[in-house]
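# Results of the structural survey
Listed here are the chains, written in short residue letters.
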Amino acid sequence: MINYEPNTPNLSDANHNILEVKNVSMYYGSFRAVKDLNLKIQPNKITAIIGPSGCGKSTVLRAFNRMNDFVRGYHLEGEICFHNQNLYAPEVDPVQVRKMIGMVFQKPNPFPKSIYENVAWGARINGIPGNMDDIVEQTLRQAALWDEVKDDLRKSALALSGGQQQRLCIARALAVKPEIILMDEPCSALDPIATLKIEDLMRELSVNYTIIIVTHNMQQAARASDYTAFFTMDPDRAGVMVEFDTTTNIFTNPHDKRTEDYISGRFG
Amino acid sequence: MEHEISKHLVRQTAPVVTSSQEALASKLRMRFRPGETLIMGFLFVCGAISIATTLGIVFELTKESLLFFGKPEVKLIDFLTKTTWQPSIGNFGVLPLVTATAMTTFFAMLISLPLGLSAAIYLSEYASQKARGILKPVLEILAGIPTVVYGYFALTFMTPLLRLILGKENVQIYNTLSAGLVMGIMILPLVCSMSEDALSAVPRSLREAAYGLGATRLETAVRVVVPAAFSGIIAAFIIGISRAVGETMIVAVAAGSGPNFTFNPLKAAETMTGYIARISGGDLAYDTPDYNSIFAIGLMLFVITLSLNILSRRLVSRFREVYE
């Protein structure tokens, strides 16, 4: 069992990493998609994962809340620890993991229900206490969407624009009260203005949440993140992490030649 | 002289332009593609045949039914409200046949809707590749069994079983419950495979959204996937009902022969289709009440299934949860 209660400050304050990846390799069947990964995620920071296509960024992100479990033939070696609890220990229930580590996907994927129902859905199935109207309003405010939709809560979420839909998906994830929010290229389907709104929102959310974002967009990583992990592909096509540092260091003073080539646009 | 020169020049240049333009124009010219025309014609004929057949059936049913309703002794109000059906001696109340059809259909749906939908949810949301590889062909075999076999299955297996459970004195040899239950088994693969198609068409991203919020497989299936596929599932249900209303062989064999106005499913009663099958199977003189009545009942069946289809279209557009 995970010895952790949501919203207990003593653990968050404790002197350890919220997420720690220890010697992790991931496989699809016999193909090794990610190898020998070690990574420590800081709480209440935004960590960006960047790298060329096929380097395993999304695979790594989805490993954090065990979304890869649905992929046939996938398995993971090593440990991913959440407050020192191995998420891949046999007794851990992946459903419980996903309640604490939420996710926002590449393409906005609201349920074909009303705006209100979209936000309330996760809170309801997880038995989040409190008045549902209040929860919906509060999370929509947190997601900077309230003012735009407060008069249309009963309208279909699919009537919203792409950027609004994505903020709704963020609100929906927040309503479950996770500790970490994983974002898998959340702006890749959005226009530049909607993208900036999401980035501002991430900054505000990082006060209360730990955010890990995969992005193809290096400017986005540079603008919006505190830490950056650069991944690339080895000659055997396995994804490896080249460098992990503060975003400032990665973009101004990279240690590895491959990072430098990538961020200066010479590769990828 | 100048004139000559210019003429000469024109002659030299102009034909070049013309010929290249002509070549382009002829390249772009509309082609005659006999294969395309042939296929188009063939496909149109295929569509037209099915429409023509439907129109022909409606015409024939209406024509013969009008003969029936045109008789002085037949009154539409009696036909729809009286509870005795004996056309040869002048009792034209269709209700006994309708209640029998309603009962067999009800029991068929009682079996096929929950089981069909559950099986569809299992196949689309839970089953491993291997389990699905075994289950789907088995279900398809179930769909391929001739209905007369189901009829005798009802008569020689389901009825004795019911008599064993509920008591011989309570259950007649022919009864609508047994026919209805077996009909439900027959319709199950249809409901299941149509529902499964609807469920599988729900995009993976919606399931991921639900899982990402900490939903279990059951919560995802019941609260996201099924509502998103609702219109398709309704369509499956309505087609299942139409199938049950129109099913003939099982009820002809196992439900009873002889109209009986009863709501007791353990008693014999003849359905609309069963009546048509029995009457048309015997010696039948043209333009007798018996003969004409089967067309009236056929028309009524047609109206019922048509209204069900229209209802299903309404429901589908009403409850559609569009996911792009």
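Here, the structure is the one placed above.
The following paragraphs examine the structure supplied in this document. What you see as residue numbers is a count from 1 along each chain, following the sequence as written. For naming, the first written chain is A and the first written ligand is 1, with later ones following in the order written. Restriction of local features to residues with pLDDT of at least 70 applies here, the model being predicted, together with a cutoff of 80 or more for giving and counting side-chain atom pairs; totals for whole chains, interfaces and linings are based on all residues. Only hydrogens and water are removed before side-chain values are computed, so all heavy atoms of the structure are retained for them.

Only runs of H or I of at least four residues qualify as helices and only runs of E of at least two qualify as strands under DSSP, and these elements are numbered from the N terminus. Looking only at helices and strands, chain A features 11 helices and 10 strands. In terms of overall dimensions, chain A is globule-like: its C-alpha atoms have a radius of gyration of 18 Å, near the 18 Å expected for 268 residues. For the C-alpha atoms alone, the extent of chain A along its principal axes is close to 55 × 45 × 35 Å. Relative accessibility decides the category of a residue: with a 1.4 Å probe and only protein chains considered, values under 20% of the type maximum give buried, values over 50% give exposed, and everything between is partly exposed. Burial statistics for chain A: of 268 residues in total, 57% are counted as buried. Any two residues having at least one pair of non-hydrogen atoms within 4.5 Å are treated as being in contact. Long-range pairs, those at least 24 residues apart, make up 69% of the contacts in chain A between residues at least 6 apart in sequence. Within the structure as shown, chain A displays about 11,400 Å² of accessible surface, and the carbon and sulfur contribution to it stands at 48%. As used throughout, the charge tally considers Lys and Arg to be positive and Asp and Glu to be negative, leaving His and the chain termini uncounted. A charged residue contributes its charge at one atom only: NZ of Lys, CZ of Arg, CG of Asp or CD of Glu. Between the centroid of the 28 positive side chains of chain A and the centroid of its 32 negative side chains there is a distance of 4 Å. The atom set for the radius of gyration is the C-alpha atoms, and the globule formula is 2.2 Å times the number of residues raised to the power 0.38. Only the protein chains shown count as cover for residues, with accessible areas throughout obtained via the Shrake-Rupley method and a probe of 1.4 Å.

It is worth spelling out the pairing of strand 1 (residues 19-28) of chain A at this point. Residues and elements named next belong to chain A. In terms of residue burial, strand 1 counts as a mostly covered element, since seven of its 10 residues are buried. Whether two strands pair comes down to DSSP finding at least two bridges between them. Relative to strand 2 (residues 31-41), strand 1 is paired through seven bridges, and the arrangement is antiparallel. Across the sheet, E20 pairs through a bridge with K40, a residue of strand 2. Linking strand 1 to strand 2, which pair antiparallel, is a turn of two residues; within it G29 sits at a positive phi near 65°.

This paragraph deals with helix 9 (residues 217-228) of chain B. Of all the positions in helix 9 of chain B, only E219, T220, A221, V224, V225, V226, P227 and A228 of chain B are classed as buried. The secondary structure elements touched by the buried residues of helix 9 of chain B are helix 4 (115-125) of chain A together with helix 4 (95-126), helix 7 (176-200), helix 8 (204-212) and helix 10 (230-246) of chain B.

The nonpolar core is taken to be a set of buried Ala, Val, Leu, Ile, Met, Phe, Trp, Tyr and Cys residues, with the residues joined through side-chain atoms within 4.5 Å. Ranked by internal contacts, the top residues of the largest apolar core, which has 52 residues, are F111 and W121 of chain A together with M183, I187, L199, I233 and I250 of chain B. Looking at this core element by element, the count peaks at 12 residues for helix 7 of chain B. Among all residues touching F111 of chain A, those that are not within four sequence positions of it are N118, W121, A157 and R172 of chain A together with L206, A209, A210, L213 and V224 of chain B. W146, A173, A175 and C187 of chain A belong to the second-largest nonpolar core, a separate cluster that totals 47 residues.

Now for the interface of chain A and chain B. A common way to report how large an interface is uses the accessible area buried once the components associate. Contact with chain A, which involves 25 residues of that partner, is made by 22 residues of chain B. Two parts lose some accessible area (1.4 Å probe) when they are put together, and adding that loss for both gives the buried area. Of all residues in chain A, P112, W121 and I125 of chain A bury the most surface against chain B, accounting for 27% of the area lost on that side. What makes a salt bridge here is a side-chain nitrogen of Lys or Arg within 4 Å of a carboxyl oxygen of Asp or Glu, nothing more. Run the count over chain A and chain B and you get one salt bridge. Its salt-bridge partner being E208 of chain B, residue R62 of chain A comes within 2.9 Å of it at the nearest N-O pair. Polar contacts here mean pairs of N or O atoms no more than 3.5 Å apart (in protein, one a potential hydrogen donor and the other a potential acceptor; neighbouring residues in sequence count only if both atoms are side-chain atoms). Where chain A meets chain B, there are six residue pairs in polar contact (both at pLDDT 80 or more).

Our focus in this paragraph is unusual backbone geometry. Residue and element names in this part refer to chain A. Phi is positive for N23, which is not a glycine, with a value near 45°. Looking at the element boundaries, N23 is found in strand 1. What makes N23 exposed here is its relative accessible area of 55%. Positive phi, close to 70°, is recorded for N84, a residue that is not glycine. Relative to the helices and strands, N84 is located in the loop between strand 4 (74-82) and strand 5 (85-86). The class for N84 is exposed, based on a relative accessible area of 52%.

Let's shift gears to the packing of helix 6 (residues 147-166) of chain B against helix 7 of chain B. All names here are of chain B. Only the stretch in contact is used when a helix axis is fitted, and all axes are lines through C-alpha atoms; the angle between N-to-C directions ranges over 0 to 180 degrees. Interhelical geometry of helix 6 versus helix 7 gives an angle of 125° and a closest axis separation of 8 Å. The angle between the axes of helix 6 and helix 7 places the two elements in the oblique class. The handedness of the crossing between helix 6 and helix 7 is right-handed. In this structure, helix 6 uses T147, Y150, F153, A154, M158, T159, L162 and L166 to contact helix 7, whose residues at the interface are L177, S178, A179, L181, V182, I185 and M186. Residue composition of the contact of helix 6 with helix 7, grouped by class: 12 nonpolar, three polar and no charged. Every angle not falling under 35 degrees, over 145, or within 65 to 115 is termed oblique; those three ranges are roughly parallel, roughly antiparallel and roughly perpendicular. The sense of a crossing depends on the near helix, which, turned anticlockwise from the far helix by less than a right angle, makes the crossing left-handed and, turned clockwise, makes it right-handed. Polar here means any residue other than Ala, Val, Leu, Ile, Met, Phe, Trp, Tyr, Cys and Pro, which are nonpolar, and Asp, Glu, Lys and Arg, which are charged; Gly is therefore polar.

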